[in-house]
Amino acid sequence: MNFDRTIRVTSVVITYRRDDIPVEAHRFRDALAHQVGREAVAMTDDETGLPRPLDTADIVIAVIGQRWLGAMRGRESRGERDEVRSVIASALRRGLTLILVRVGRPDAMPAVLKIEDMPGDIRGLAIARSYTVSTDRFDADTMALAGAIRPAPAVAMGHMGHMGQRMPGNSM
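Within every chain, residues take consecutive numbers counted from 1 along the sequence as written. Note on the predicted model: pLDDT of at least 70 is required for a residue's local features to be given, and 80 or more for side-chain atom pairs to be given and counted; whole-chain, interface and lining totals, by contrast, use all residues. Based on all heavy atoms of the structure, the side-chain values leave hydrogens and waters out of the count.

Undergrad: How should I be thinking about the pairing of strand β2 (residues 12-15) in this particular structure?
TA: Walk down a regular strand and you will see the side chains alternate between the two sheet faces. Side-chain alternation along β2 places Val12 and Ile14 on one buried face and Val13 and Thr15 on a second face that is also buried. One ladder, built from 4 bridges, connects β2 with strand β3 (residues 41-44); its direction is parallel. Counted as the bridge partner of Thr15 is Thr44 from β3. With helix α1 (residues 22-36) bridging β2 and its parallel neighbour β3, the resulting β-α-β unit is right-handed. Direction of pairing for β2 relative to strand β4 (residues 59-64): parallel, over a ladder of 4 bridges. Across the sheet, the residue bridging to Thr15 is Ala62, located in β4. Burial here depends on accessible area, computed with a 1.4 Å probe over protein chains only, as a share of the maximum for the residue type. Under 20% is buried, over 50% is exposed, and the range in between is partly exposed. Helix numbering and strand numbering both begin at the N terminus, where a helix is a DSSP run of H or I of at least 4 residues and a strand a DSSP run of E of at least 2. Strands were regarded as paired on the criterion that DSSP finds at least two bridges between them. Handedness of a crossover is defined as follows: with both strands directed away from the viewer, a clockwise route from the first strand across the helix to the second makes it right-handed.

Undergrad: Sorry if this is basic, but what is going on with the nonpolar core here?
TA: In globular proteins that are soluble, nonpolar side chains generally tend to be buried together. For the purposes of this section, nonpolar cores are sets of buried Ala, Val, Leu, Ile, Met, Phe, Trp, Tyr and Cys residues that join through side-chain atoms within 4.5 Å. In this structure, Ile14, Phe28, Leu32, Ile61, Val63, Val101 and Val103 are the most contacted members of the largest nonpolar core, which totals 25 residues. Going through the elements one at a time, β2, α1, β3, β4, β5 (97-104), β6 (129-134) and α4 (138-147) are the ones with two or more residues in this core. Beyond its immediate sequence surroundings of up to four residues, Val63 is in contact with Ile14, Thr15, Tyr16, Ile21, Ala25, Phe28, Trp68, Val101 and Val103. Ranked by size, the runner-up nonpolar core spans 24 residues in total, among them Leu54, Leu100, Met118 and Ile122. Whether two residues are in contact is decided by their heavy atoms: any pair within 4.5 Å suffices.

Undergrad: Would you mind showing me how to read the environment of Ala71 here?
TA: You can see Ala71 is positioned in helix α2 (residues 68-78). When the C-alpha atoms of Ala71 and Arg17 are compared, they prove to be 7.7 Å apart, with 54 residues separating the residues in sequence. Setting aside its immediate chain neighbours within four residues, Ala71 contacts Arg17 and Asp19.

Undergrad: Help me understand α4, please; the structure alone is not making it clear to me.
TA: Residues separated by three or four positions in an α-helix point in the same direction, a consequence of the helix having 3.6 residues per turn. Among the residues of α4, Phe138, Asp141, Thr142, Leu145 and Ala146 are the ones counted as buried. Summarising the axial view, the buried residues of α4 lie within an arc of 130 degrees, below the 170-degree limit, and thus occupy one face. The directions considered for the arc run from the helix axis to the C-beta atoms.

Undergrad: What's the story with the packing of aromatic side chains in this structure? I'm lost.
TA: Remark: the centre distance and the inter-plane angle together describe each pair of aromatic rings, the angle taken between the planes. When two rings of Phe, Tyr or Trp (its six-membered ring) have centres within 6.5 Å they constitute a pair, described as stacked for plane angles under 30 degrees, edge-to-face for angles over 60, and tilted for the intermediate range. A complete count under the given rule lists 0 aromatic pairs for this structure. Lysine NZ or arginine CZ positioned within 6 Å of the ring centre and within 35 degrees of the ring normal marks a charge as sitting over the ring. The cationic tip of Arg17 hangs over the ring face of Trp68; the distance from NZ or CZ to the ring centre is 4.7 Å.

Right under this line is the structure:
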């Protein structure tokens, strides 16, 4: 995997679906936390809200597998709240950097999302920066992506406030 530039962050939110790829999402979180620090990484899934406000995040990473789109449609048809969709829609409204990470076997990779298949509030996910992580090369692919995400200088020096909030006087 080649990445065109390094992304500097103070806080990252990873969102995934429990009935899609929870193990891979947590492994991805661990690799990213190793790169930017555990305190800078938060996770949410389709049933659990964020442990801290999204307004502290620099980027949102949506980790999707084969069942992601079907699970979203199922929640929608049952009228259930979908935290994953809510986080993605909020990130798009706020203009946060959104990264789509497709995870799967080489012969069963999740389909590329199409704008016309997405609900209006998250259509931007279909055109977000997208990366593919193969289960056959999971560690190498994940480390390559995590390696492109670096802590902002204040995070690297430990100048973070409560729950990842920037401290007054820090320029980032």
